[in-house]
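Geometric and topological summary
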Amino acid sequence: MENKFHSLQQIWKALQDGKNFFVAGHLNPDGDSLGCTLAVTSLLKRLGKTVYAYAAPAIGDDLKFLPGLSEVHVGQLPLNPDFDTVLLLECSDRQRGGDLESILRPAKTLINIDHHLVSDAYGHVNHIDSGASSTAEIIFQLFEESGVEGFLPTPDEATCLYTGLVTDTGRFVHSNTSAEALRVASALVALGADIQQINQVIYFTKSYIELKLLGRALEKMEMRFDNKYSQIILTKRDFETFGATPAQTQGIVSQPTMIPGVEISALIKEEPDKVSVNLRSRGNADVSRIAQQFGGGGHARAAGFKVTGKSVGEVTDALAEVVQHAVRELR
């Protein structure tokens, strides 16, 4: 895989040159997006920079343990943006962070760090490594490439980066679990990443509402196309029934891929203003190609997209047609 345009040393120089930073990840922040936002914010403050860290709502309960979260402006953009440097993390295009144009446009330097296979080089400085397991892996490498002896992540920064790495690799079972990913994970543990807390909160803690929602989702699971495709549709009524939100669906889309023969799994969520879809592949199908046909993206084994102006039924039917073609190609 190829790094696009700028080296980590050039990224580091841009961080050193900037004085007043705006740092953000993508909408509906996951462990990698939020973990990197927190780690980089801490790093910049250690370098003496002024930082406005932003995260789009809503943050899942499983990520609220992350150190430094209290310093992040969740859903609150600055009233008078005046930043010489903007850093977007894990945003494959400049819209993926939300409506940030009032901040991006006047910035002297826009830094883009990402690891998605399909990613726009929209920044003044871009480092896009589609071979990296996660943006957290890249940020750790950035520490190593800084050229500053002994300048490595603190235990809190290591905790944030390990969270990004472990969630994007699915606890080191996805196909993006490379030797480099495991090397970085080992280094982060040695630096003090609190893996016991990470595992306990993210993987072994579920609220009553989340478990009830999981039960409803599995009850509604449907098998199609010779049982190679599994779809789960959660409607607004399902969320209302349990007092749940779409952010409380973490992990549901992966459940059907445990069934032998299932190649593609889809979780289709009817939200107030859109229909959002999460896709997973057992290994043979590239679901990023499916997501791209609907304006989304992601990775070969994990991808997603959002549609506005269409009903959940229309999105479900359109997706099924595309998936059917993808399944046929596997034969």
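Before any of the text, the structure's been laid out above.
Heads up: these notes are all about the structure in this document. (Residues numbered from 1 in each chain as written. Predicted model: local features only at pLDDT ≥ 70, side-chain atom pairs only at ≥ 80, totals over all residues. Heavy atoms only, no water.)

1. Some points on the overall build of the protein chain
- Check the secondary structure of the protein chain and you find eleven helices and twelve strands.
- Here the C-alpha radius of gyration of the protein chain, 20 Å, is about what a compact globule of 331 residues would show, namely 20 Å.
- Looking at the protein chain residue by residue over its 331 residues, the buried ones come to 50%.
- Partitioning the intrachain contacts of the protein chain with sequence separation of at least 6 by distance along the chain shows that 63% fall at a separation of at least 24.
- Counting every atom, the protein chain has about 15,000 Å² of accessible surface; 48% of that belongs to carbon and sulfur.
- Across the protein chain, 31 positive and 40 negative side-chain charges occur, with their mean positions spaced 4 Å apart. (Helix = DSSP H or I, 4+ residues; strand = E, 2+ residues; numbered from the N terminus. Rg over C-alpha atoms; globule rule 2.2 N^0.38 Å. Buried < 20%, exposed > 50% of the residue type's maximum accessible area, 1.4 Å probe, protein only. Contact = heavy atoms within 4.5 Å. Areas by Shrake-Rupley, 256 points an atom, 1.4 Å probe, with all protein chains shown as cover. Lys, Arg positive; Asp, Glu negative; His and termini not counted. Charge placed at Lys NZ, Arg CZ, Asp CG, Glu CD.)

2. Considering the packing of helix 5 (residues 155–168) against helix 7 (residues 195–203)
- At a closest axis distance of 10 Å, the pairing of helix 5 and helix 7 adopts a crossing angle of 45°. Here helix 7 runs oblique to helix 5, going by the angle between their axes. In this structure, helix 5 crosses over helix 7, and the sense of that crossing is right-handed. Two secondary-structure elements touch here, helix 5 through Thr159, Tyr162, Thr163, Val166 and Thr167 and helix 7 through Ile195, Ile198, Ile202 and Tyr203. (Axes fitted to C-alpha atoms, helices over the stretch in contact; angles between N-to-C directions. Parallel < 35°, antiparallel > 145°, perpendicular 65-115°, else oblique. Left-handed = near helix turned anticlockwise from the far one by under 90°.)

3. Overview of the nonpolar core
- With 50 residues, the main nonpolar core has Leu15, Ile139, Leu161 and Leu188 as its most contacted residues.
- Among all residues touching isoleucine 139, those that are not within four sequence positions of it are Cys36, Val40, Leu89, Ile113 and Leu161.
- By size, the runner-up hydrophobic cluster in this structure holds 24 residues, among which are Ile264, Val307, Leu319 and Val322. (Core = buried A, V, L, I, M, F, W, Y, C linked by side-chain atoms within 4.5 Å.)

4. Focus on the packing of helix 2 (residues 31–46) against helix 4 (residues 135–145)
- Interaxial distance between helix 2 and helix 4 falls to 9 Å at its minimum, and their mutual angle equals 20°. Between helix 2 and helix 4, the interaxial angle falls into the category roughly parallel. Helix-helix and strand crossings are classified by hand; for helix 2 and helix 4 the assignment is left-handed. On the side of helix 2, the interface is formed by Asp32, Cys36, Val40, Leu43 and Arg46, while helix 4 contributes Thr135, Ala136, Ile139 and Phe143.
- Class assignment of the residues belonging to the contact of helix 2 with helix 4 gives a composition of six nonpolar, one polar and two charged. (Nonpolar A, V, L, I, M, F, W, Y, C, P; charged D, E, K, R; others polar.)

5. Side note on unusual backbone geometry
- The peptide bond linking proline 57 to alanine 58 adopts the cis configuration, its omega dihedral lying at 0°.
- Checked against the element boundaries, alanine 58 lands in the loop between strand 2 (50–55) and strand 3 (73–74).
- Positive phi, normally seen in glycine, also occurs at asparagine 28, with a value near 50°.
- Topologically, asparagine 28 is positioned in the loop between strand 1 (20–24) and helix 2.
- What makes asparagine 28 partly exposed here is its relative accessible area of 39%.

6. Remarks on the environment of aspartate 286
- Mapped onto the elements of the fold, aspartate 286 is located in the loop between strand 10 (275–281) and helix 10 (287–292).
- Residue classification places aspartate 286 among the partly exposed residues on the basis of a relative accessible area of 26%.
- Apart from residues lying up to four places away in sequence, aspartate 286 is in contact with His299, Ala300 and Arg301.
- Here the side chain of aspartate 286 touches serine 288 through a polar contact of 2.5 Å, side chain to side chain. (Polar contact = N/O pair within 3.5 Å; in protein donor to acceptor, adjacent residues only side chain to side chain.)

7. Thoughts on helix 6 (residues 179–190)
- With twelve residues, helix 6 extends 17 Å between its outermost C-alpha atoms, agreeing within 8% with the 16 Å of an ideal straight helix rising 1.5 Å per residue.
- Ala181, Val184, Ala185, Ala187 and Leu188 are the residues of helix 6 that are buried. Looking straight down helix 6, one finds that the buried residues subtend no more than 165° of arc, so they occupy a single side. Away from its buried face, by an angle of more than 90 degrees, helix 6 presents the exposed residues Ala179 and Ala190.
- On the buried face of helix 6, the contacting elements are helix 4 and helix 5. (Expected span 1.5 Å × (residues − 1). Arc of directions from axis to C-beta.)

Keep in mind these numbers describe shape, not what the thing actually does.
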